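Structure at a glance
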Amino acid sequence: VKPMTPRCTVPKAVPVGKSASLHCHENEGYPKSTYSWYRNSEPLSPDTKSNARLHNSSYTVNPTTGTLVFHAVHKGDTGRYSCIATNDAGFAKCEEQEMEV
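About the cut-offs
- Residues numbered from 1 in each chain as written.
- Predicted model: local features only at pLDDT ≥ 70, side-chain atom pairs only at ≥ 80, totals over all residues.
- Heavy atoms only, no water.
- Helix = DSSP H or I, 4+ residues; strand = E, 2+ residues; numbered from the N terminus.
- Buried < 20%, exposed > 50% of the residue type's maximum accessible area, 1.4 Å probe, protein only.
- Contact = heavy atoms within 4.5 Å.
- Areas by Shrake-Rupley, 256 points an atom, 1.4 Å probe, with all protein chains shown as cover.
- Pairing = 2+ DSSP bridges.
- Core = buried A, V, L, I, M, F, W, Y, C linked by side-chain atoms within 4.5 Å.

Within the protein one finds zero helices and nine strands. Ordering the α and β elements of the protein from the N terminus gives β-β-β-β-β-β-β-β-β. Burial statistics for the protein: of 101 residues in total, 40% are counted as buried. Excluding contacts between residues fewer than 6 apart, the proportion of contacts in the protein whose partners are at least 24 apart in sequence is 62%. Of the roughly 5900 Å² of accessible surface on the protein, a fraction of 54% belongs to carbon and sulfur atoms.

Below, the structure written as structure tokens:
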């Protein structure tokens, strides 16, 4: 079963240095969906350690739960966030939401 449009929760504004949690979830898809996050239409790598450009980023993505957690946001984290739920039958994307730091 193709995933339905996931419900995304993105905080509107987060003070610099604070943590922020973004959530993405849908429960129609079978097999269970995995989730990937995008900022300004660019994919956020689940593995920040292996990507030199993201090496100083302080976020973690959990593809199973759809949670994106920033441990300490900085100005560069400001942007439009969206999430895609994917399974063998297809994918669905939520609306982009702005997060300001």
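Let's shift gears to the pairing of strand β2 (residues 20-25). The side-chain alternation of β2 yields one buried face, formed by Ala20, Leu22 and Cys24, and one unburied face, formed by Ser21, His23 and His25. In the sheet, strand β1 (residues 7-9) pairs with β2 via three bridges, with the strands oriented antiparallel. Each residue of the ladder has a partner; that of Arg7, found in β2, is His25. Pairing of β2 with strand β6 (residues 67-70) involves three bridges; the strand directions are antiparallel. Bridge pairing in β6 places Ser21 opposite Val69.

A separate point is the nonpolar core. Here is a general trend for soluble globular proteins: nonpolar side chains tend to be buried in one another's company. Core analysis: the largest hydrophobic core is formed by 20 residues, its most contacted members being Leu22, Trp37, Leu68, Phe70, Tyr81 and Met99. For this core, the elements supplying multiple residues, two or more each, are β2, β3 (34-39), β5 (59-62), β6 and β7 (79-87). Not counting residues within four places of it along the chain, the set of residues in contact with Phe70 comprises Lys18, Ser19, Ala20, Leu22, Ser58, Tyr59, Asp77, Tyr81 and Met99.

The next thing to look at is the environment of Ala85. Within the secondary structure layout, Ala85 lies in strand β7. Classification of Ala85 as buried rests on a relative accessible area of 0%. Taking the C-alpha atoms as reference points, Ala85 and Pro63, 22 residues apart in sequence, are found 9.1 Å from one another.

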